Amino acid sequence: MIRRSLMICGLAICVAMAAAGCGSSSSSSSSNASASNASAPASSGTSGGTVTIGTTIPESGSTPLLSELDGYKLAVSDANSQGGVTIGGKKEKLRLVVLDNQSDLNMATQQLRQLVLQDNVVGVLAGCCQQNIQEAAQADELHVPLSMCCLPLELAPPSRGYSFDAFQTLADGATEFFKLAANAGTNKKMVIVTNNDPSGPADAKLMSGVGSQYGFTVVAHAAVPAGTTNFASVISQAKSAGAQVLVAQMVPPDCFAMWKQMKALGYTPKIAIGQQCSQTPGWAQLGPLGDGTTTILSWTKSAGLPLTQHIISALGSKWKDTTDLQGAASAYNAAQVLIAAINRAGSTDRTKVAQALQQTDGTFALGKVVSNGKGQAKTPTFLGQWSGGDVVQVYPAESGAEKLTVPPSGLS
Amino acid sequence: MNATVIAAGILAGGLYALIGLGLSLVFGVLKLMNLAYAQVIIIGAYVAWLIIDHTGVDPLVALPFAMAATALMAYPFQRFLLTGLLRTSITAPLVATFGLALLAQAGLQAAFGIDERSLPAAYGDSGLTVLGVRIQSIYLIAFALAGVLCLATHLLLTQTRIGSAVRAAAADPQTASVLGMDVDRIYAWTFAFSAALAAAAGVMTGVAQSFTPASGTPLLLTGFAVMALGGIGGVGGTFAAGIFLGVLQSLSVSLFGAGYQDLVVYLTFFLVLSFRPTGLFTRRRTA
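Residues numbered from 1 in each chain as written. Chains lettered and ligands numbered in written order. Predicted model: local features only at pLDDT ≥ 70, side-chain atom pairs only at ≥ 80, totals over all residues.

Q: Run through the overall build of chain A, naming residues and quoting values.
A: Per the secondary structure count, chain A includes 11 helices and 17 strands. A buried classification covers 57% of the 412 residues belonging to chain A. Sequence-distant contacts, at least 24 apart, represent 69% of the contacts inside chain A between residues at least 6 apart. (Helix = DSSP H or I, 4+ residues; strand = E, 2+ residues; numbered from the N terminus. Buried ≥ 20, exposed ≤ 12 C-beta atoms within 10 Å, placed from the backbone. Contact = placed C-beta atoms within 7 Å.)

Structure (structure tokens):
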């Protein structure tokens, strides 16, 4: 009986450890039907007329990025439908090697090395967000071109010639928000609530700095640990000070708790933005309460960006939310940038591809992408507002953009 | 400092008491530190979500079913796994519950994904004014539920034969076994009851806040703090400790800022463990 219990316990622990990713597994797949993991010629990254690029991206773990992965795969598939990339005047198909890093930064580091040293990739498509930062440094060290996705330019580390980030800036997001808020008929009194991790205070400083340029003043501010559920104190301060603009930069669970408490305690700002928290598809789980919350976007269905309808028709049945499609579009953009660089280089030499990457100047899924010569290119910023479980664009006003609802309907 | 902040702290303390009650019960009776307890809370929330999603009922209607389902899921783990491990060593069940916690989290993630979920209810984001103080309805409901469940648990333990058996098994399992009590079954039902209490906490958390497969850890820490402050196994002490913790958090935020709330709470936790390890709300035992 005891032995059986011990065996069951041991089995449970082993299964748990395997499920939690403590094993050494990683998955590898390719979007090219003819792909195999047979070793490619060591120097060129080609295999019988195939050019290999790779990505280490979380497909499992705490932060899977499946819509971004679909964006990468779609871009590669679209390139192959046009014959692939041009190397030495000849068309060669693209092969995408995908490694699942299980949301583990250490595994992402190992896998990037594997992609370069074993899979002989010509270029790498980055994971997302924090992983971008680590991968950028590695790419410069390994001398492999890296095209990043979904990392605001202020957060990208300086490029040493191999990493490239094409995305929006935090400053643009703040500026667009305050332009919108300035026309919303508020008293320009603002409350800022952030998490007290390193990005929170930095974001608070940015928002208060940009806000002051448009006449906004901070009348209440709180930096709370992630996992906070009781916001009574800061809500009380905001109510007493008459703040009509709320800027929240917290993890989604904290925003959920705060939004519920705001409604219950009768605090209704005229405009509320949930950075980080309302940029995820999970915000729809708040139901009607989440409606009217503003969020910063890099892509919308109505912005008139190139290939919008193609991305929607290819991926829209799987990813119904604008926030998920945004991730796919941003990734598609990053892949297009890398593929275009390979075409311009006309070679699988990584250094030549990196040089071409640094000279990017074209129109891709997120719009005009023009390199600033320092491994970055700024893409447009949009503002959306949650309505009926999805985000609709409210700024800039484009065909199909909606009018901003003031105050947020969910909190009214 | 205003009355709204204090009221919020008191009412939040009801939810904390609910979180700590089951943990304290299991540790008091089985001498088992259940590291999977937080995941049981989250499982209870997901079970309620499934019931609500399929039937459209209110979370309070789904609550007893979620409690029953979670208890039934928990029973075999204690009966056929943990009870045997309890006889072998102190560390084996600790490791086992840790493994079960990881397994549960991975399973929930695979089944439901990582996005936040919330249990929809009109009282989830509504408030009412009592004596001029604005309070959240859900926390009032959670406070009342915590009170009812604490009272029910106390009565069950002190006024029923089952409760006498549980207390006997807790005090001296070997003698209880010699006297004909099926201690293994008592342990299993205690564990299942604790899981039911955890599910209740999960439902209230799901309505008041949100939950994901990974959101259990802060709840476990809250449960430990309540258990330590209230004294292990003491139902009334647990309720009082929950309220104490809620008020302490609210006051610390109001006085020192939100950045210090965890520091104040865990410093208090450490001081209580150092100077009064039996808990703030238990009677000292004299020789």
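Q: Before we move on, can you summarise the overall build of chain B with the specific residues and values?
A: Per the secondary structure count, chain B includes 11 helices and 2 strands. In chain B, the succession of helices and strands from N to C terminus is α-α-α-α-β-β-α-α-α-α-α-α-α. In terms of C-alpha radius of gyration, chain B reaches 19 Å, essentially the compact-globule figure of 19 Å for 287 residues. Its C-alpha atoms give chain B principal-axis dimensions of about 60 × 50 × 35 Å. Taken over 287 residues, chain B has a buried fraction of 57%. Pairs at least 24 apart in sequence give 77% of the contacts found in chain B among residues at least 6 apart. (Rg over C-alpha atoms; globule rule 2.2 N^0.38 Å.)

Q: Summarise the nonpolar core; cite the residues concerned and give the values.
A: With 234 residues, the main nonpolar core has Leu15(B), Leu18(B), Ala48(B), Ala142(B), Ala200(B) and Val203(B) as its most contacted residues. Looking at which domains feed residues into this core, each of domain 1 (25-168 + 305-378) and domain 2 (171-297 + 382-395) of chain A gives three or more. Those residues in contact with Ala142(B), other than ones at most four positions away along the chain, are Gly14(B), Leu15(B), Leu18(B), Met204(B) and Ala208(B). (Core = buried A, V, L, I, M, F, W, Y, C linked by C-beta atoms within 7 Å. Domains from an automatic or database assignment.)

Q: Give me unusual backbone geometry: which residues, what numbers.
A: Where the residue is not glycine, phi is negative for most of them; where a peptide bond is considered, it is trans in most cases. Residue and element names in this part refer to chain A. For the peptide bond that leads from Tyr 395 to Pro 396, omega is -10°, which places it in the cis range. Here Pro 396 is to be found in the segment after strand 17 (390-395). Of note, the bond from Val 406 into Pro 407 is cis; its omega dihedral lies within 30 degrees of zero at -10°. Positioned with a positive phi, Asn 120 is a non-glycine residue whose angle comes to about 50°. In this structure, Asn 120 sits in the loop between helix 3 (105-117) and strand 5 (123-128).

Q: Report on the domain arrangement of chain A, specifying residues and quantitative values.
A: Residues and elements named next belong to chain A. Under the domain assignment, chain A is made up of domain 1 (25-168 + 305-378) and domain 2 (171-297 + 382-395). Using C-alpha coordinates to define each centre, domain 1 is positioned 33 Å away from domain 2. Domain 1 puts 7 residues into the contact, and the matching count from domain 2 is 11 residues. Partitioning the side of domain 1 that touches domain 2 into residue classes produces no nonpolar, 4 polar and 3 charged. (Nonpolar A, V, L, I, M, F, W, Y, C, P; charged D, E, K, R; others polar.)

Q: Which residues make up the packing of helix 9 (residues 216-230) of chain B against helix 11 (residues 261-275) of chain B, and what are the values?
A: Residues and elements named next belong to chain B. Packing of helix 9 against helix 11 leaves a shortest axis separation of 9 Å and a crossing angle of 35°. As for the relative orientation of helix 9 and helix 11, their crossing is left-handed in sense. Of the residues in helix 11, those touching helix 9 at Ala 225, Ala 228 and Leu 229 are Val 265, Phe 269, Val 272 and Leu 273. A breakdown of the residues in the contact of helix 9 with helix 11 according to their chemical character gives 7 nonpolar, no polar and no charged. (Axes fitted to C-alpha atoms, helices over the stretch in contact; angles between N-to-C directions. Left-handed = near helix turned anticlockwise from the far one by under 90°.)

Q: Tell me about the interface of chain A and chain B, and name the residues and values.
A: Each partner contributes residues to the interface: chain A has 44 residues there, and chain B has 45 residues. In terms of residue count, helix 1 (residues 2-19) of chain A provides more of the side of chain A that touches chain B than any other element does, 10 residues in total.

Q: Let's hear about helix 9 of chain B: which residues, and what values?
A: Residues and elements named next belong to chain B. Its 15 residues place the ends of helix 9 21 Å apart at the C-alpha level, agreeing with the 21 Å of an ideal helix rising 1.5 Å per residue. For helix 9, the tally of buried residues reaches 12 of 15 residues, placing the bulk of the element in the interior. Among all positions in helix 9, only Gly 216, Leu 219, Leu 220, Thr 222, Gly 223, Phe 224, Ala 225, Val 226, Met 227, Ala 228, Leu 229 and Gly 230 are buried. Taken together, the buried residues of helix 9 touch helix 1 (3-30), helix 2 (37-55), helix 10 (235-256) and helix 11. (Expected span 1.5 Å × (residues − 1).)

Q: Residue-level account of the confidence of the model for chain B, with values.
A: Taken as a whole, chain B shows an average pLDDT of 88; of its residues, 97% reach a score of 70 or greater. Complex prediction metrics read pTM 0.86 and ipTM 0.86. (pLDDT = per-residue confidence, 0-100.)

Q: Let's hear about the confidence of the model for chain A: which residues, and what values?
A: All names here are of chain A. In the predicted model, chain A carries a mean pLDDT of 88, and the fraction of residues at 70 or more is 88%. The spread of mean pLDDT over the elements of chain A runs between strand 1 (residues 28-30), the lowest at 42, and helix 2 (residues 66-81), the highest at 97. Considering only residues more than four positions removed or in separate chains, one finds that residues 18-44, a stretch of pLDDT under 50, has 48 contacts.

Q: With reference to specific residues and values, describe the environment of Val264(B).
A: All names here are of chain B. Structurally, Val 264 can be placed in helix 11. Overall, Val 264 belongs to the partly exposed group, with 16 C-beta atoms counted inside 10 Å. In the structure, Val 264 is positioned 42 residues away from Thr 222 in sequence and 13 Å away in space, judged by C-alpha atoms. In this structure, Val 264 is in contact with Leu 248, Ser 252 and Phe 256, ignoring residues within four places of it in sequence.

Q: If you had to explain the environment of Leu105(A) to someone new, which residues and values would you point to?
A: Residue position: Leu105(A) is located in helix 3. If we skip the residues at most four places from it in the chain, Leu105(A) touches Gln131(A) and Gln134(A).

Q: I'd like a rundown of the packing of helix 6 (residues 161-171) of chain B against helix 8 (residues 183-208) of chain B, residues and numbers included.
A: Residue and element names in this part refer to chain B. One can describe the packing of helix 6 onto helix 8 by two numbers: an axis separation of 10 Å at closest approach and a directional angle of 110°. Considering their axes alone, helix 6 and helix 8 lie roughly perpendicular with respect to each other. Residue-level inspection shows Ala 165, Val 166 and Ala 169 of helix 6 in contact with helix 8, the latter providing Val 183, Ile 186, Tyr 187 and Thr 190. Among the residues making up the contact of helix 6 with helix 8, the classes are represented as 6 nonpolar, 1 polar and no charged. (Parallel < 35°, antiparallel > 145°, perpendicular 65-115°, else oblique.)

Q: Please provide a residue-by-residue account of the pairing of strand 11 (residues 271-275) of chain A, values included.
A: Residue and element names in this part refer to chain A. For strand 11, a buried count of 5 out of 5 residues is recorded, marking the element as mostly surrounded by other parts of the structure. Relative to strand 11, strand 10 (residues 245-249) runs parallel, the two being bridged by 5 bridges. Bridge pairing in strand 11 links Gln 249 to Gln 275. Viewed along the sheet, the connection from strand 10 through helix 8 (residues 252-264) into strand 11 turns out right-handed. (Pairing = 2+ DSSP bridges. Right-handed = clockwise from strand over helix to strand, strands pointing away.)

Q: Give me the pairing of strand 10 of chain A: which residues, what numbers.
A: With 5 of 5 residues buried, strand 10 of chain A lies mostly within the body of the structure. Of the two faces of strand 10 of chain A, the one holding Val245(A), Val247(A) and Gln249(A) and the one holding Leu246(A) and Ala248(A) are both buried throughout.

Q: Residue-level account of helix 3 of chain A, with values.
A: All names here are of chain A. Taking 1.5 Å per residue, 13 residues should reach 18 Å; helix 3 reaches 18 Å between its end C-alpha atoms and fits that length. Among all positions of helix 3, only Met 107, Ala 108, Gln 111, Leu 112, Leu 115 and Val 116 are buried. Relative to the axis of helix 3, the buried residues are bounded by an arc of 165° and lie together on one face. What points out from helix 3, more than 90 degrees from its buried face, is the exposed set Asn 106 and Leu 117. Packed against the buried residues of helix 3 are strand 2 (50-57), strand 4 (90-100), strand 5 and helix 4 (130-142). (Arc of directions from axis to C-beta.)

Q: Outline the environment of Ala171(B), supporting the account with residue identities and numerical values.
A: All names here are of chain B. Here Ala 171 lies in helix 6. You can call Ala 171 exposed: it has 10 C-beta atoms within 10 Å. Taking the C-alpha atoms as reference, Ala 171 lies 33 Å from Val 247; in sequence the two are 76 residues apart.

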